[in-house]
Amino acid sequence: MMLAASRLALGVSKTRTGVLGMMGKRGFSSTRVMCAAEAAETADQTKKRNDCKVLVVTSGKGGVGKTTTAASIGMGLAKHGHKTCVIDFDVGLRNLDIHYGMERRIIYDFVNCIHEECTLRQALVKDKRNDNLFMLAASQTKDKTALKDEGVERVLNELKDNDFKYIVCDSPAGIESGAYQAMLYADVAFICTNPELSSVRDSDKMIGFISSKSKRALENRDPVEQLLIITRYNPERVQNDDMLSKEDIQDTLSLPIIGIIPDSNEVLNSINVGKPVILGEGPAAGAYDDLVRRFLGEKQLPFRFIDVPQKGFFQRLFNR
């Protein structure tokens, strides 16, 4: 009888050992599955962040059309089917919302996101004309010191994780805090300049600033791609030597020109009605559309609106 009890105890012990062994194996298997899932999620996140491009529209000088350009580039990318967010970095002096006609729809802003006073979803304003376009407004009540490196980077990464293809940063003028934050994480910089000497000189300073102070420069990665946009171009004034030519500007700045925007009243009219210039039908709208198409790959697209229009017979006859 004692022998039978011993055999029974031995059997129970073996069973327990077997169950524990199976549990151990299952636990090990679950750990491997969890690790594989985390690795896949991390790889997916990395791919999304690498696929998203951060663009900055900047210049050294104020009043050259940066916000007008940022609004049109953002809308143009969205029109081509790319999920795009345009961020106003001009804290305290926001204007991007006016260009999109969104000024009455802002509840939370970029600074609220940085300081985690709201979620990104709460702060994003979706355009009513295009489902691919979103705007993140600047604060009207804070100053540019509210922009912090880690906060800006976190918001940009969250946008990337939410499948945005392009993030367009509308930079304030100069090389102070707001402009620094706007260009810090850029992959591509659009340098806006007017065809006048002071504007070109300030743009040249901004080119050097980006080349030395951007995150890519600080981490010894490939440099920020810098592209030149000439705004308020008037071929008649160029012909009369009252304005720098595109050749003069390109020789000075040594950047490839991606867009030449003609001087036009349609710019002011578009701003007043809260519509990006690119949605119009005049020469400036066509020039912005060409700019976006070149950026998306149509490199050989010719520049329009850069020559003096030929006068007709009656215009020549009456010297008009």
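Please refer to the structure placed before this passage.
Residues numbered from 1 in each chain as written. Predicted model: local features only at pLDDT ≥ 70, side-chain atom pairs only at ≥ 80, totals over all residues. Heavy atoms only, no water.

1. Brief notes about the pairing of strand β1 (residues 53–58)
The side chains of a regular strand alternate between the sheet's two faces.
Now for step 1: Counting buried residues in β1 gives 5 out of 6 residues, a clear majority hidden from the surface.
Now for step 2: Where β1 and strand β5 (residues 166–170) come together, 5 bridges link them in parallel fashion. Its bridge partner being in β5, L55 is matched across the sheet by V168.
Now for step 3: Bridging between β1 and strand β6 (residues 188–193) involves 4 bridges; their strand directions are parallel. The partner of V56 across the bridge, within β6, is A189. (Buried < 20%, exposed > 50% of the residue type's maximum accessible area, 1.4 Å probe, protein only. Helix = DSSP H or I, 4+ residues; strand = E, 2+ residues; numbered from the N terminus. Pairing = 2+ DSSP bridges.)

2. Structural notes on the side chain of T67
Now for step 1: Inspection of the secondary structure assignment puts T67 in helix α2 (residues 66–79).
Now for step 2: With sequence-adjacent residues up to four places away left out, T67 is seen in contact with N95, L96, H99 and D170. (Contact = heavy atoms within 4.5 Å.)

3. Looking at the packing of aromatic side chains
Now for step 1: Summed over the entire model, instances satisfying the criterion amount to 5 aromatic pairs.
Now for step 2: Note on F134 and F164: the rings are 5.4 Å apart at their centroids and 80 degrees apart in plane angle, and the pair reads as edge-to-face. Residue F134 is located in strand β4 (residues 133–136), and its partner F164 is located in the loop between α6 (149–161) and β5; the two are separated by 30 residues in the primary sequence.
Now for step 3: Under the relative-accessibility criterion, F134 is labelled buried at 14%.
Now for step 4: A relative accessible area of 4% places F164 in the buried class.
Now for step 5: Taken together, Y166, F190 and F295 form an aromatic cluster joined through their ring pairs.
Now for step 6: The aromatic ring of F303 is capped on one face by R294, whose charged end is 3.9 Å from the ring centroid. (Phe/Tyr/Trp six-rings, centres within 6.5 Å; stacked < 30°, edge-to-face > 60°. Lys NZ or Arg CZ within 6 Å of the ring centre and 35° of its normal.)

4. Considering the nonpolar core
Now for step 1: Grouped together as the largest cluster of nonpolar side chains are 50 residues, with contacts concentrated most on I87, F110, L136 and L159.
Now for step 2: Counting residues per element, this core draws most heavily on helix α8 (residues 197–213), which supplies 5 residues.
Now for step 3: With residues near it in sequence (within four places) discarded, I87 still touches L96, F110, L136, L156, L159, I167, V168, C169 and D170.
Now for step 4: Of all hydrophobic cores here, the second largest spans 36 residues; its members include L55, A70, C192 and I229. (Core = buried A, V, L, I, M, F, W, Y, C linked by side-chain atoms within 4.5 Å.)

5. Let's talk about the environment of A78
Now for step 1: Mapped onto the fold, A78 is located in helix α2.
Now for step 2: For the pair A78 and N130, spaced 52 residues apart in sequence, the C-alpha separation works out to 6.9 Å.
Now for step 3: Ignoring anything within four residues of it in the chain, the contact list for A78 reads T84, N130, N132 and L133.

6. Here's the deal with the sheet that holds β5
Now for step 1: Taken together, 8 strands build an open sheet; the order of strands is β3-β4-β2-β5-β1-β6-β7-β8 and the sheet is mixed. Strand pairing shows two members of the sheet lacking a second neighbour, β3 (125–126) and β8 (257–262), which therefore form its edges.
Now for step 2: In this structure, strand β2 (residues 84–88) lies alongside β5, joined through 5 bridges in parallel fashion. In the strand pairing of β5, V86 is matched with V168.

7. Re α6
Now for step 1: Between the first and last C-alpha of α6 there are 18 Å, a value that for 13 residues agrees with the 18 Å anticipated at 1.5 Å per step.
Now for step 2: Buried within α6 are the following residues: G151, V152, V155, L156, N157, L159 and K160.
Now for step 3: Phi turns positive one or two residues past the end of α6, at D163, with a value near 70 degrees. (Expected span 1.5 Å × (residues − 1).)

8. Quick look at the environment of F305
Now for step 1: Summarising the element assignment, F305 is placed in the loop between α13 (283–295) and α14 (313–317).
Now for step 2: For F305, a relative accessible area of 30% gives the class partly exposed.
Now for step 3: Spatially, the C-alpha atom of F305 lies 8.5 Å from that of A284, the residues being 21 residues apart in sequence.
Now for step 4: Non-local contacts of F305, meaning those with residues more than four positions away in its chain, are made with P235, P262, P283, G286 and A287.

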